[in-house]
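Listed here are the chains, written in short residue letters.
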Amino acid sequence: MTDVDVAIVGGGPAGSAAARAAAERGADAVVYEKGVPRADRERLGPDSTDAAGFLDYWLDVADLDFADIPEDVVEHELDDAEFIGPSESVAVGRTGIDADYDHFGFTFHRAKFDDWLRDRAEEAGARYEAGTSVKSVDTDLSDGHEHTLTLGDGDEVTAEYLILADGPQRQVTMRVLDPLLPDGKKASELLSPPTANHIAYQEYRRFPEELFDERSLKFWWGWMPGETAYPWVFPNRNNVARVGLTMPIGMDVDDFDASEWRLLREDDEQIPSGKEYVRRLLEDLYGDEYDVEADFPLAEDHGKSKGTETYPISSTRPIESPTGAGIAVAGGAMGTTSAFHEGGDHVAHRTGKLAGKLAAEGRLGEYNDAWHDAIGTEIRRNVAMADVVGDFDPDQWDKTIRVTRQMLESSDSGKILSKSNARSAAGGLKLYSQYKRAKFRYRKGKYAQIRESEYSF
């Protein structure tokens, strides 16, 4: 049996940030990561989701300095993002939020980003056990708090503090939290991946030189049904772009009028697969002038499976942690990542960093207040906007994109959504009011699905 100060389940951004922060403060911190092989990684690592990248202010949310990120991690610095509806579009070249980083944002190689975070954690003295799964956790609260982790090979490890950072699949997190909640409220129901997550699918396609836009992200809203469901194109290096989409799990095609949605067909018997959606998107955009399969070939030396990736993204609201039991939940496992903002490495990194720091200092009881202070504005903004657009049809997306363009054109403050901007666009005040009402509902941390006071132990 091996004793450690801080045991961390999961080696993604949250887990590695936690390990580094704890080790820097003298704690014996160990990350247990089950590990998956990738064609673009030489060693086992986390099931990297290859998120789009960072916007300017996300670096501040993450508490990261762009200058520290290795050059080979960054793919492209960005000038803007284009939001494209069925008949309207708008290019957004600023977030409207103060940031130290000078560009709109950047795309990055997620596996290399994860490996860099792991290297930093190990340099600080943390240990990283890749290829090691956690089968179960037994928590003893009879005298303080002690957690016994049973590993995949049958070994047991005890830890004073436990940080759960196992991403949006949350298989360990749900099993640990359920016994700590009263009857009638289960983490395994609120956070169950089939209901609480979106599925994301992407392909690495090599674009013709004349079509490759290395400085812009592109999103298509109102083209496919489902709450916060959208296709995207993100630029990587050497004319390779990630063409993908995110959508809820388990939709029924009969719930939608196929004639309203550009990527649905009248003869669809079920919601199209991610692969089919990508084919339809490329055919719709470029099929008149290009042979999509010949002119946009898969880059088979990228991603997890010969140029394709499928992965979950949390689409639920976050939870607080039972810190009195010596447990912190961070990143995607706690629901801070969001399908609406294409993942959430920034909030994952920040929550992991806070959890590791406070566990090492014996102050984990401060964790929930700390993460609310650090990322609450970002979470509240995203869940409020997701509520506003959740039931939008294609016409509503077109109208919202048109209103956004008009507000941007009239803005002299740098902000995108403000009352003064809203007055300049037909329908702007209605959109602004809906957003403000949604934000009001989530004041004082009400976006948290489970509050710390609800745990019983």
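Procedures and definitions
- Residues numbered from 1 in each chain as written.
- Predicted model: local features only at pLDDT ≥ 70, side-chain atom pairs only at ≥ 80, totals over all residues.
- Heavy atoms only, no water.
- Phe/Tyr/Trp six-rings, centres within 6.5 Å; stacked < 30°, edge-to-face > 60°.
- Helix = DSSP H or I, 4+ residues; strand = E, 2+ residues; numbered from the N terminus.
- Buried < 20%, exposed > 50% of the residue type's maximum accessible area, 1.4 Å probe, protein only.
- UniProt positions renumbered as here; feature names shortened; annotations may be inferred.
- Axes fitted to C-alpha atoms, helices over the stretch in contact; angles between N-to-C directions.
- Parallel < 35°, antiparallel > 145°, perpendicular 65-115°, else oblique.
- Left-handed = near helix turned anticlockwise from the far one by under 90°.
- Contact = heavy atoms within 4.5 Å.
- Nonpolar A, V, L, I, M, F, W, Y, C, P; charged D, E, K, R; others polar.
- Pairing = 2+ DSSP bridges.

**Examining the packing of aromatic side chains**
For step 1, the next point in the chain: Under the criterion given, the structure shown has 26 aromatic pairs.
For step 2, the next point in the chain: For the ring pair F207 and Y286, a centre distance of 6.2 Å and an interplane angle of 85° mean the geometry is edge-to-face. In this pair, F207 is assigned in the loop between strand 12 (197–206) and strand 13 (216–220) and Y286 in helix 7 (residues 274–286), connecting sequence segments 79 residues apart.
For step 3, the next point in the chain: Residue classification places F207 among the buried residues on the basis of a relative accessible area of 5%.
For step 4, the next point in the chain: Residue Y286 is classed as buried on the basis of its relative accessible area of 16%.
For step 5, the next point in the chain: Their ring planes at 25° and their centres at 5.0 Å tell us that Y286 and F296 sit as a pair that is stacked.

**Focus: the UniProt feature "domain: FAD-dependent oxidoreductase 2 FAD-binding" (unreviewed entry) in the protein chain**
For step 1, the next point in the chain: Here the UniProt-annotated "domain: FAD-dependent oxidoreductase 2 FAD-binding" (unreviewed entry) positions come out as residues 5–37.
For step 2, the next point in the chain: Taken as a whole, residues 5–37 contains 36% helix and 30% strand, while its terminal C-alpha atoms sit 29 Å from one another.

**Some thoughts on the packing of helix 1 (residues 13–24) against helix 3 (residues 110–123)**
Packed helix pairs are characterised by how far apart their axes lie and by the angle those axes make with each other.
For step 1, the next point in the chain: Between helix 1 and helix 3, whose axes approach to 8 Å, the crossing angle comes to 15°. What the angle tells us is that helix 1 and helix 3 run roughly parallel. Viewed along their axes, helix 1 and helix 3 form a crossing whose handedness is left-handed. On helix 3, the residues touching P13, S16, A19 and R20 of helix 1 are R110, F113, D114, L117, R118, R120 and A121.
For step 2, the next point in the chain: Its residues placed into classes, the contact of helix 1 with helix 3 shows five nonpolar, one polar and five charged.

**Remarks on the sheet that holds strand 12**
For step 1, the next point in the chain: Spatial strand order, 6-5-13-14-15-12-16: seven strands in an open sheet with mixed pairing. Here the strands that pair on one side only, and so sit at the sheet edges, are strand 6 (89–92) and strand 16 (308–314). If you compare each strand with its neighbour and ignore which way they point, the axes differ by 20° on average.
For step 2, the next point in the chain: Pairing of strand 5 (residues 80–84) with strand 13, which is carried by five bridges, proceeds in the parallel orientation. Following the sheet pairing, A81 is matched in strand 13 by L217.
For step 3, the next point in the chain: Along the sheet, helix 7 contacts strand 12, strand 13, strand 14 (230–235) and strand 15 (240–248); its crossing angle with strand 15, the most-contacted strand, is approximately 125°.

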